[in-house]
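Residue-level listing of the chains:
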Amino acid sequence: MAYYVLADFGSTFTKAAVVSQEQERVIFSTQYPSTVNTDASIALEKCFADIEGVIGKAALKQAQISATSSAAGGLRMAVIGLTERLSLTAGKNVAFGAGAKIVGVSAGKLTADKMKRLQAMPLEMILFCGGYEKGARTVLIQNAKALAASDINCPIIFGGNSEVSHEVRSILIQGNKECFVVPNIIPNVGELETRGCEEIIRELFMKRIINMKGLSKIQKIVKTIIPTPAAVLAAGNLLSKGTDDHEGYGEMMIVDVGGATTDIHSYLDNTPGEGAKLIGAPEPYAKRTVEGDLGMRESSDTLLAEAGYETVATELGIDVKQVHDSINERVNNHDFIAETGAEKQLDQQIAANAVKIAVRRHCGQWEPIHSSNCSKIQVGKNLENIKLVIGTGGPVINSLDPEKILRGVLRQKKDRYLLLPEESAFLIDRDYLLYAVGLLSEIDRDFAFKVMDNSLKSKQS
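Since we're looking at a predicted model, the values are computed, not measured.

Q: Run through the nonpolar core, naming residues and quoting values.
A: Core analysis: the largest hydrophobic core is formed by 47 residues, its most contacted members being Val5, Ile51, Ile157, Cys197 and Ile201. It is helix α1 (residues 40–55) that contributes the most residues to this core, 6 residues altogether. Aside from chain neighbours lying at most four places away, what touches Ile157 is Ile126, Leu127, Phe128, Phe180, Val182, Cys197, Ile200, Ile201 and Leu204. Counting 37 residues, the second largest nonpolar core, distinct from the first, contains Met253, Ala358, Val389 and Val396.

Q: If you had to explain the sheet that holds strand β12 (residues 262–267) to someone new, which residues and values would you point to?
A: Spatial strand order, β14-β12-β11-β17-β18: 5 strands in an open sheet with mixed pairing. Strands at the two margins of the open sheet, each flanked by one partner only, are β14 (286–291) and β18 (425–428). Averaged over all neighbouring strand pairs, the angle between strand axes comes to 15°, with direction disregarded.

Q: Explain the pairing of strand β5 (residues 75–81) to me, using residue names and the numbers behind them.
A: For β5, the buried fraction is high: 6 of the 7 residues fall into the buried class. Across 7 bridges, β5 lies against strand β6 (residues 100–107) in parallel orientation. Residue pairing for β6: Ala78 is matched across the bridge by Gly104. After leaving β5, the chain enters helix α3 (residues 84–97) and then returns to the sheet as β6, a path that is right-handed. Summarising the sheet, β5 and strand β7 (residues 125–128) pair through 4 bridges and their orientation is parallel. Considered in β7, the bridge of Met77 is made with Met125.

Q: Just give me the short version of the packing of aromatic side chains, but keep the residues and values in it.
A: Tallied over the full model, the rule gives 4 aromatic pairs. Arranged with centres 5.4 Å apart and planes meeting at 45°, the rings of Tyr4 and Phe447 form a pair that is tilted. With a gap of 443 residues between them, Tyr4 in strand β1 (residues 3–9) and Phe447 in helix α17 (residues 445–459) connect regions that are remote in the sequence. Looking at Tyr4, the relative accessible area reads 8%, which means it is buried. An angle of 85° between the planes, with centres 4.9 Å apart, marks the rings of Trp366 and Tyr417 as edge-to-face. Here the residue Trp366 occupies a position in strand β15 (residues 365–368), and Tyr417 occupies one in the loop between α15 (402–406) and β18, the gap between them amounting to 51 residues. Note that Lys241 overlies the ring of Tyr285, its terminal NZ or CZ placed 4.5 Å from the centroid. The cationic tip of Lys376 hangs over the ring face of Trp366; the distance from NZ or CZ to the ring centre is 4.1 Å.

Q: Break down the pairing of strand β16 (residues 376–379) for me, citing the residues and quoting the values.
A: If a strand is regular, its side chains alternate between the two faces of the sheet. Across 4 bridges, strand β13 (residues 276–279) lies against β16 in parallel orientation. Residue pairing across strands places Ala276 opposite Lys376, the latter belonging to β16. Judged from the 4 bridges that link them, β15 and β16 form a sheet pairing that is antiparallel. Among the inter-strand pairings, Glu367 is bridged to a residue of β16, identified as Ile377.

Q: Run through the side chain of Gln349, naming residues and quoting values.
A: With respect to the helices and strands, Gln349 occurs in helix α13 (residues 341–362). For Gln349, a relative accessible area of 12% translates into the label buried.

Cut-offs used in this document
- Residues numbered from 1 in each chain as written.
- Predicted model: local features only at pLDDT ≥ 70, side-chain atom pairs only at ≥ 80, totals over all residues.
- Heavy atoms only, no water.
- Core = buried A, V, L, I, M, F, W, Y, C linked by side-chain atoms within 4.5 Å.
- Buried < 20%, exposed > 50% of the residue type's maximum accessible area, 1.4 Å probe, protein only.
- Helix = DSSP H or I, 4+ residues; strand = E, 2+ residues; numbered from the N terminus.
- Contact = heavy atoms within 4.5 Å.
- Pairing = 2+ DSSP bridges.
- Axes fitted to C-alpha atoms, helices over the stretch in contact; angles between N-to-C directions.
- Right-handed = clockwise from strand over helix to strand, strands pointing away.
- Phe/Tyr/Trp six-rings, centres within 6.5 Å; stacked < 30°, edge-to-face > 60°.
- Lys NZ or Arg CZ within 6 Å of the ring centre and 35° of its normal.

Spelled out as structure tokens, the structure:
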């Protein structure tokens, strides 16, 4: 019997799953605390020892092994565009889709103050974009000169107006910057070109991941390593669209709640809401957003500040001070595990608020206007037609009531201008398989779909 072994190097855990080609399902999974800060191979070898005990040494040796990684803080990127609603939004969509963690943005001319802020960021890549084809030129050249003269020392990807790409690249190279030119990500009105940029980001990720301690040992046995968020996005895209042999799930969303961030993925074509006119950057079919201030542990204080400490205390029927003390414990101890009933209830509330806030940042909205052509304009992605929400991440999978957390994506009475679904079905990724299916989709899309479909349907109560 042949197997796939699929691993994930996370900042908290290193996980591994075994998929049987014959049975088209996961037959075993295991995890150990991450060792990426010392030697990533240590935790992986522990996972392999467990796997060997299940399928045998010979089968493990013959298995096809691939991996994802979200360790070391993810892909820290900045996006520089010309306008906030067009190139900056499009650039963020592309960066998120490639698995990046955006730590800085800038729109318009790069002033001295903007450059100072950029240079202070822990950047590993910059996406520099803007201008339709045969469009804006002057500010792009000015921004290239500002970047060239800066102390920034990371790769810069230019995905703007191709008419100035050679000049931009020349300016950056003369400033001793590493520059990559990709096709314009917004070549024309309503068009979004992402593939070239995403491929470069993945290549740069592979070069960067080389620095992960212990990787030289891992590379002898692991065929492929890609960013975990990119794999999850690909898995959702596969499930939504299906294959020639398997009908997809259609319009859907993935909600991934973690210790530091909450990620929202939506899969559907953007359409204008009733009576609305679309404006702004085109929205991709598969869209990912990351909220770095909405997490269960290190960012739980900022999450509760937005949700309201008093509101959460009232919902739980406890004192506000108790909520503050519990949140401080989570912020100061990222390995905190809720063991009492009260702490588990608070975790449930934190996760529910993370989902509720994150999806409202992800979705589009409309604004009323007075015009003879239309009564309202729409900015962002319309999620009204979402039919299915898949929940993943430990806080959802292990929660007291996963569906209650996920219901936060639904439209409420006060969401007057937000384009959210009014009802949806819910499924839970209880096998924590989305990263693995993203890897499998690059090998055999039909097989990958069947594995995920089997997992989701067999695990639902």
